[in-house]
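Structure assessment
Here is how the chains run, residue by residue.
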Amino acid sequence: MSCDFFALANTGVQGLHPYQAGKPTDELERELGLTNIVKLASNENPLGVGQLVKAALDQQLAGITRYPDANGFYLKQALADKYDLAPAQFTLGNGSNDVLELIARSFVTPDHEVIFAQHAFVVYPLVTQAIGATGVAVPAKDWGHDLPAMLAAITERTRLIFIANPNNPTGTFLTAEALYEFLTQVPKDVLVVLDEAYFEYVDKELQAPSITWLTAFSNLIITRTFSKAYGLAGLRVGYSMSHPDIADILNRVRQPFNCNSFALAAAQAALSDHDFLTASVALNNQQRAVLETFFSDQGIGYIPSKGNFITMELTQDPAAVYQALLHKGVIVRPVAGYGLTQHLRVSIGTELENETFMQALLTVLAELDAL
Ligand SMILES: *Cc1c(COP(=O)(O)O)cnc(C)c1O
């Protein structure tokens, strides 16, 4: 007989639930014997891999017998050049999720409170709970962050605040002015993580000059990723930009080889492939408008989005719609776990994928309405 390992887990960990990822395409293939599946569940780039990234990956193959560069020298240098920062301000991660967890593990103890918004990215409560710290979910305003309420939630136990801009899964967006004003009000010993995973999709004139704020706000940590607009979700690479003293701490806690050699090389190549990024953002923003028009025309509720996904607000049972879409070979994302009880999130795909989705959705909704 084995012992009760659940009882042995630390108290925070006992309260965890497994992360619910988007359903993988091959899993649906196995389960339903379908082909030509359209996966619009995990906010991935539908354009595939750019030529520069492919070439960089080919080049790396011969070197995989060696450990990767533990410090990611070339990638940090390329990022530093791009953003006019020092390499010492960067922390690389196995996806930016890795960095989000590093930040929490490095600075937060069970005595601390961590503030995030209701309906915000699930990794924030997850990493907080794993430490055994207290998560403070501040009620959303119009599905997004209520910054004045988040300020009011700060106590002497608050160590960290997570803000996603744009937010996933709601796609809501905070203006640069509102964020800047917020930062001026946060005590200097409370860290603010500004998670900009979808930054590249935001229209240029709305993008916050957040990197320039790092000088004035030493408690600010900005995270970004190669998983979304850069199209490298499967390789797992993201990073933070912060005061060098914060990066120094994160880099001590970080596992030395948390970014593998393919990830490092591909990310560096992706940074230089301006055409691929431009095409990815242009496709997304054009197709986002197509989907939003479709929802409006069909009387389907949705939350306006600044990301590469849209969250629908349905009158039908979202779990039933999700299942029926699966049977038509379309994978979207249930978001009930985010407290979004009438909603489903759809990632923006290629024109063809979106057309397949829209057709399938109309059929499914009509079938459910007829029951
Ligand atoms: C997708 C996402 C991330 C990044 O995930 P990684 O693949 O780990 O880089 C971070 N924050 C939000 C809000 C996201 O939606």
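The structure presented is a predicted model; accordingly, all values stated were derived computationally and were not measured. (Residues numbered from 1 in each chain as written. Predicted model: local features only at pLDDT ≥ 70, side-chain atom pairs only at ≥ 80, totals over all residues. Heavy atoms only, no water.)

**Description of the pairing of strand β8 (residues 238-241)**
Burial along β8 is two-sided: Gly238 and Ser240 and Tyr239 and Met241, pointing in opposite directions, are all buried. Where strand β2 (residues 90-93) meets β8, 4 bridges bridge the pair, whose relative direction is antiparallel. Along β8, the bridge assignment pairs Thr91 with Ser240. Note: strand β7 (residues 220-225) against β8, 4 bridges, orientation antiparallel. When the sheet's bridge partners are listed, Thr225 is paired in β8 with Gly238. (Buried < 20%, exposed > 50% of the residue type's maximum accessible area, 1.4 Å probe, protein only. Helix = DSSP H or I, 4+ residues; strand = E, 2+ residues; numbered from the N terminus. Pairing = 2+ DSSP bridges.)

**Considering the nonpolar core**
Core analysis: the largest hydrophobic core is formed by 84 residues, its most contacted members being Ile161, Ile163 and Phe226. Leaving out residues up to four positions away in the same chain, Phe226 has contacts with Leu75, Leu79, Gly231, Leu232, Ala233, Val237, Gly238, Tyr239, Ala267, Ala270 and Leu271. Leu40, Phe295, Tyr322 and Val330 belong to the second largest nonpolar core, which has 28 residues in total. (Core = buried A, V, L, I, M, F, W, Y, C linked by side-chain atoms within 4.5 Å. Contact = heavy atoms within 4.5 Å.)

**Topic: the site of the ligand**
In the neighbourhood of the ligand, the contacting residues comprise Gly95, Ser96, Asn97, Phe121, Asn168, Asp195, Ala197, Tyr198, Thr225, Ser227, Lys228 and Arg236. Separating a nitrogen atom of the ligand from a side-chain N or O atom of Asp195 is a distance of 2.6 Å. With the chains in place, 94% of the 380 Å² that the ligand exposes on its own is no longer accessible. When the residues that make up the shell around the ligand are grouped by side-chain class, the tally is 3 nonpolar, 6 polar and 3 charged. (Near = heavy atom within 4 Å. Polar contact = N/O pair within 3.5 Å; in protein donor to acceptor, adjacent residues only side chain to side chain. Areas by Shrake-Rupley, 256 points an atom, 1.4 Å probe, with all protein chains shown as cover. Nonpolar A, V, L, I, M, F, W, Y, C, P; charged D, E, K, R; others polar.)

**Considering the packing of helix α6 (residues 96-107) against helix α10 (residues 244-253)**
Where α6 meets α10, the axes come as close as 9 Å, and the angle between the chain directions of the two elements is 95°. By the angle between their axes, α6 is roughly perpendicular relative to α10. Contacts between α6 and α10 involve Leu102, Ile103, Arg105, Ser106 and Phe107 from the former and Ile246, Ile249, Leu250 and Val253 from the latter. Taken together, the residues of the contact of α6 with α10 sort by class into 7 nonpolar, 1 polar and 1 charged. (Axes fitted to C-alpha atoms, helices over the stretch in contact; angles between N-to-C directions. Parallel < 35°, antiparallel > 145°, perpendicular 65-115°, else oblique.)

**Overview of the pairing of strand β6 (residues 191-195)**
With 5 of 5 residues buried, β6 lies mostly within the body of the structure. Burial along β6 is two-sided: the face carrying Leu191, Val193 and Asp195 and the face carrying Val192 and Leu194 are both buried. Bridge analysis of strand β5 (residues 158-164) against β6 gives 5 bridges, and the strand direction is parallel. Looking at the pairing, Ile163 lines up with Leu194 of β6.

**Re the environment of Ser280**
Positionally, Ser280 belongs in helix α12 (residues 274-298). Taking C-alpha positions, Ser280 is 33 Å from Arg66, a pair spaced 214 residues apart along the chain. Excluding its chain neighbours within four sequence positions, the residues that come into contact with Ser280 are Asn45, Leu47, Tyr201 and Ala229. Among the polar contacts made by the side chain of Ser280, one reaches the side chain of Asn45 at a distance of 3.0 Å.

**Description of the side chain of His145**
In this fold, His145 is placed in the loop between β4 (134-138) and α8 (147-152). Only 3.3 Å separates the side chain of His145 from the backbone nitrogen of Ala164, close enough to count as a polar contact. Among residues more than four places away in sequence, those in contact with His145 are Ala117, Ala120, Met150, Phe162, Ile163, Ala164, Asn167 and Leu174.

**Digging into the sheet that holds strand β13 (residues 343-347)**
By definition, the strands of a sheet pair up through backbone hydrogen bonds, in either a parallel or an antiparallel sense. A sheet is described by the order of its strands in space; here 4 strands give the open sequence β9-β10-β13-β12, paired in antiparallel fashion. The sheet is open, and its two edges are formed by β9 (301-303) and β12 (333-334), each paired on a single side. Each of β9, β10 (309-313) and β13 is contacted by α12, which is oriented at about 10° to β10, the strand it contacts most.

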